[in-house]
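Chains, contacts and geometry: an overview
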Amino acid sequence: MTMQSVQLDGLDAKLVALLREEPRIGVLELSRRLAVARGTVQARLDKLIARGAIKGFGPEVSPEAIGFGVMSFVILELSQRYGHTAVAEHLADIPEVLEAHTITGSGDVLCRIVARSNADLQRVIDQIVGYEGIVRASTIIALAELIPYRTLPLVRAASAAGPTHRAGSATHPGAESV
């Protein structure tokens, strides 16, 4: 899916916040709480989904709650002859790899991984570096989560900026007062 820039207004921000707080809420209840027509809510929701602003409605799973209490970040250095695609395919086959990103700097890929214990973390790291396309790994164990992954403050900030503050946009078609 191609990502398109999505300009958010106050209604979009409130819609996303309600969905974040109550993922199982229905469109009719959303329209009631937002005090707008059901069709408006559905159109806004469809737009946010189509443009990639809303990526999913699945449950958020806590790795710690299902037995994976050790979280760490691993910076990988790759052999350039293998490339990122082959390494990404290798990493995708390891369930404990929650995400991986190509990066700038001294490493090539940053991974967030989980394990059941420190000993299990060694097993996961061994599995990761067991691929010959990975030259080196540097691991950082996370001790405590200070700020969990979040997007609502960003959504609120994007909507508060208003359409007149965005480059190349004088108005926001279809904006409703909230």
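Scroll up for the structure.
The residue numbering used here restarts from 1 in each chain and proceeds along that chain's sequence as written. Local features in this predicted model are restricted to residues of pLDDT 70 or higher, and side-chain atom pairs are both shown and tallied only at a pLDDT of 80 or more, whereas totals for entire chains, interfaces and linings draw on every residue. Hydrogens are left out, water is left out, and the side-chain values use all remaining heavy atoms of the structure.

1. Considering helix α6 (residues 152–160)
- Among all positions in α6, only L152, V155 and S159 are buried. For α6, the arc enclosing every buried residue in end-on projection is 60 degrees, short of the 170-degree limit, so these residues lie on one face. For α6, the exposed residues lying more than 90 degrees away from the buried face are L154 and A160.
- Whether two residues touch is decided by their heavy atoms; if any such pair falls within 4.5 Å, the residues are in contact. Working definition: helices are DSSP H or I runs of at least four residues, strands are E runs of at least two. Numbering for both runs from the N terminus. On its buried face, α6 sits against α1 (10–21). Summary of the burial criterion: residues with accessible area below 20% of their type's maximum are buried, those above 50% are exposed, and those between are partly exposed, where the area comes from a 1.4 Å probe applied to protein chains only. What the arc measures is the spread of directions leading from the helix axis to the C-beta atoms.

2. Let's talk about unusual backbone geometry
- Non-glycine residue A35 carries a positive phi angle of around 60 degrees.
- Considering the arrangement of structural elements, one finds A35 in the loop between α2 (27–34) and α3 (38–50).
- For A35, a relative accessible area of 68% gives the class exposed.

3. Concerning the sheet that holds strand β3 (residues 109–115)
- Spatial strand order, β2-β3-β1-β4: four strands in an open sheet with antiparallel pairing. In the strand order of this sheet, the two ends are held by β2 (97–102) and β4 (134–142), each with one partner. Averaged over all neighbouring strand pairs, the angle between strand axes comes to 20 degrees, with direction disregarded.
- Here, any two strands with at least 2 DSSP bridges between them count as paired. Alignment of β2 against β3, held across five bridges, turns out to be antiparallel. Within β3, the residue paired with T102 across the bridge is V109.
- Axes here refer to lines fitted to C-alpha atoms; in helices the fit is confined to the stretch in contact. Angles between the N-to-C directions go from 0 to 180 degrees. Against the sheet, helix α5 (residues 118–129) engages β1 (70–78), β2, β3 and β4, with an angle of about 140 degrees to β3.

4. A closer look at the packing of α1 against α2
- Viewed as axis vectors pointing N to C, α1 and α2 meet at an angle of 130 degrees, and their least axial separation amounts to 11 Å. Relative to α2, the element α1 lies oblique. Remark: the crossing between α1 and α2 carries right-handed chirality. On the side of α1, the interface is formed by L11, K14, L15, L18 and L19, while α2 contributes L30, R33 and L34.
- Tallied by class, the residues present in the contact of α1 with α2 amount to six nonpolar, no polar and two charged. Here the word oblique covers every angle except those under 35 degrees (roughly parallel), over 145 (roughly antiparallel) and from 65 to 115 (roughly perpendicular). Take the far helix as your reference; a near helix turned counterclockwise from it by less than a right angle gives a left-handed crossing, and one turned clockwise gives a right-handed crossing. Amino acids are sorted into nonpolar (Ala, Val, Leu, Ile, Met, Phe, Trp, Tyr, Cys and Pro), charged (Asp, Glu, Lys and Arg) and polar (every other residue, Gly among them).

5. Quick look at the pattern of salt bridges
- Think of a salt bridge as a Lys or Arg side-chain nitrogen and an Asp or Glu carboxyl oxygen that are within 4 Å of each other. Under the criterion given, the structure shown has eleven salt bridges.
- A salt bridge links E29 to R33; the shortest N-O distance between them is 2.9 Å. Highlighted residues: E29 and R33, both in helix α2, separated by four residues, approximately one helical turn.
- Exposure remark for E29: the relative accessible area of 24% places this residue in the partly exposed category.
- Between E96 and R123 there is a salt bridge; the shortest N-O distance is 2.7 Å. Within this pair, whereas E96 is found in the loop between α4 (83–92) and β2, its partner R123 is found in helix α5, the two being separated by 27 residues in sequence.
- The class of R123 is partly exposed, set by a relative accessible area of 37%.

6. Focus: the packing of α1 against α6
- Across the interface, α1 lies against α6 with an axial gap of 8 Å and an inter-helix angle of 165 degrees. Our classification of the angle between α1 and α6 gives roughly antiparallel. Between α1 and α6 the crossing geometry is left-handed. Residues G10, A13, V16, A17 and R20 of α1 pack against L152, V155, R156 and S159 of α6.
- Considered class by class, the residues forming the contact of α1 with α6 number five nonpolar, two polar and two charged.

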